[in-house]
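Per-entry structural report
Take a look at the letters that make up each chain.
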Amino acid sequence: MTTYRKPVSNTWWLESKTYFFFVIREFTSLFVAGYCLFLLVFIAKAGDSQESYATLVLSLKSPISIVLHLISFTFILYHAITWFNLTPKIMVLHVGEERIPNALITGAVYLSWGVVSLIISWLILGG
Amino acid sequence: MISAMVFPMLLIITGAILPFELAGEVTFERIHNAVKNPVVKLVLFFVIALPFFHWAHRFRFTLIDIGLKPISFLVSLLCYGGAITGTIVAAFILWRI
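What follows concerns the overall build of chain A. Tallying secondary structure elements over chain A gives 4 helices and 2 strands in all. Sequence-ordered secondary structure for chain A, helices as α and strands as β, is α-α-α-β-β-α. In terms of overall dimensions, chain A is more spread out than a globule: its C-alpha atoms have a radius of gyration of 21 Å, far above the 14 Å expected for 127 residues. Taking the principal axes of the C-alpha coordinates as reference, chain A spans close to 65 × 50 × 30 Å. Per-residue burial over chain A gives 20% buried out of 127 residues. Here the contacts in chain A between residues at least 6 apart in sequence split such that 41% fall between residues at least 24 apart.

Here we take up the interface of chain A and chain B. Interface size is commonly expressed as the accessible surface area that is lost when the partners come together. On the side of chain B, 40 residues touch chain A, which itself brings 42 residues to the contact. Looking at the side of chain A that touches chain B, the elements with two or more residues in it are helix H1 (17–48), helix H2 (50–60), helix H3 (63–90) and helix H4 (102–125) of chain A. Here the element with the most residues in the side of chain A that touches chain B is H1 of chain A; it accounts for 16 residues. A breakdown of the residues in the side of chain A that touches chain B according to their chemical character gives 30 nonpolar, 10 polar and 2 charged.

This paragraph deals with unusual backbone geometry. For residues besides glycine, phi is generally negative; the peptide bonds are generally trans as well. Non-glycine residue Glu21 of chain B carries a positive phi angle of around 50°. Within the secondary structure, Glu21 of chain B sits in the loop between helix H1 (2–17) and helix H2 (28–36).

The next subject is the nonpolar core. Of all hydrophobic cores here, the largest spans 40 residues; its most connected members are Val32, Tyr35 and Ile76 of chain A together with Ile48 and Phe52 of chain B. Where this core is concerned, the elements lending two or more residues are H1, H2 and H3 of chain A together with H1, helix H3 (38–68) and helix H4 (72–96) of chain B. Apart from residues no more than four positions distant in its own chain, Tyr35 of chain A is found in contact with Ser72 and Ile76 of chain A together with Phe7 and Leu11 of chain B.

This part takes up the environment of Trp113 of chain A. Secondary-structure assignment places Trp113 of chain A in helix H4. Placed 67 residues apart in sequence, Trp113 of chain A and Ala46 of chain A show a C-alpha to C-alpha distance of 26 Å. The contact partners of Trp113 of chain A, leaving out residues within four places of it in the chain, are Phe84 of chain A together with Met5 of chain B.

In this section: the environment of Ser3 of chain B. Secondary-structure assignment places Ser3 of chain B in helix H1. Among residues more than four places away in sequence, those in contact with Ser3 of chain B are Val32 and Ile76 of chain A together with Pro51 and His54 of chain B.

This next bit is on the packing of H1 of chain A against H1 of chain B. In the contact formed by H1 of chain A and H1 of chain B, the axes pass within 11 Å of each other and the chain directions differ by 55°. It follows from the interaxial angle that H1 of chain A and H1 of chain B lie oblique. For the pair H1 of chain A and H1 of chain B, the sense of crossing is left-handed. Mapping the contact onto sequence places Val32, Tyr35 and Phe42 of chain A in H1 of chain A and Ser3, Phe7, Leu11 and Thr14 of chain B in H1 of chain B. Its residues assigned to classes, the contact of H1 of chain A with H1 of chain B comprises 5 nonpolar, 2 polar and no charged.

Attention now moves to the packing of H4 of chain A against H1 of chain B. Interaxial distance between H4 of chain A and H1 of chain B falls to 9 Å at its minimum, and their mutual angle equals 40°. Relative to H1 of chain B, the element H4 of chain A lies oblique. Once H4 of chain A is placed against H1 of chain B, the crossing between them reads as right-handed. Between H4 of chain A, through Trp113, Val116, Ser117, Ile120, Ser121, Ile124 and Leu125 of chain A, and H1 of chain B, the contact on the second element is made entirely by Met5, Val6, Pro8, Met9, Leu10, Ile13 and Ile17 of chain B. When the residues that make up the contact of H4 of chain A with H1 of chain B are grouped by side-chain class, the tally is 12 nonpolar, 2 polar and no charged.

Another aspect to go through is the confidence of the model for chain B. All names here are of chain B. On average, residues of chain B carry a pLDDT of 90, and 100% of them reach 70 or more. Mean pLDDT across the secondary structure elements of chain B bottoms out at H2, with 88, and peaks at H4, with 93. Both confidence scores are given for the complex: pTM 0.88, ipTM 0.90.

About the cut-offs
Residues numbered from 1 in each chain as written. Chains lettered and ligands numbered in written order. Predicted model: local features only at pLDDT ≥ 70, side-chain atom pairs only at ≥ 80, totals over all residues. Helix = DSSP H or I, 4+ residues; strand = E, 2+ residues; numbered from the N terminus. Rg over C-alpha atoms; globule rule 2.2 N^0.38 Å. Buried ≥ 20, exposed ≤ 12 C-beta atoms within 10 Å, placed from the backbone. Contact = placed C-beta atoms within 7 Å. Nonpolar A, V, L, I, M, F, W, Y, C, P; charged D, E, K, R; others polar. Core = buried A, V, L, I, M, F, W, Y, C linked by C-beta atoms within 7 Å. Axes fitted to C-alpha atoms, helices over the stretch in contact; angles between N-to-C directions. Parallel < 35°, antiparallel > 145°, perpendicular 65-115°, else oblique. Left-handed = near helix turned anticlockwise from the far one by under 90°. pLDDT = per-residue confidence, 0-100.

Put into structure tokens, the structure is as follows:
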């Protein structure tokens, strides 16, 4: 027995704003992977020699690097914010019978984001 | 989760603070000694390897959903294969330092 499935057009995601932003959000993962590759290059150079590191820092000053960083930052920030905002929807916590308000969970997530960011900048850049 | 928490700050550092020397000069010795530290290496491994799989999974399903269903096996192979390769390369680079 074959079941009939309604064919879905390849442009379904252009038909509604919600679908469009969903697909954009999924595509932000491309920038995540791209930045992972960049991090690998960065680590390899920083672990190599003073010359490699100096060349790397010089290449960070190039317009291409800055533009790529800006684009990646925009997309990754979009991914991060939408992810943090949906945390209370996937993590429903209760204290006794009372449900912990969404704002409190979101607030806690943003707070930890801030703390993690501070720790990273302190570790890399120093006090 | 890891990419959302960690990457925005890292992008600010490598995209603005290091090139424009906003926090003074960050010396080679500082970064070099940091990436040589075994604990830092372990953290870096997870910070790089896990987001590769985050990418592989999302990218695979998005490509299939927007019309690459006929070649879904190939898409999956390339995505997860890419993530596995990336993980191995990351382990190799961190190991060699």
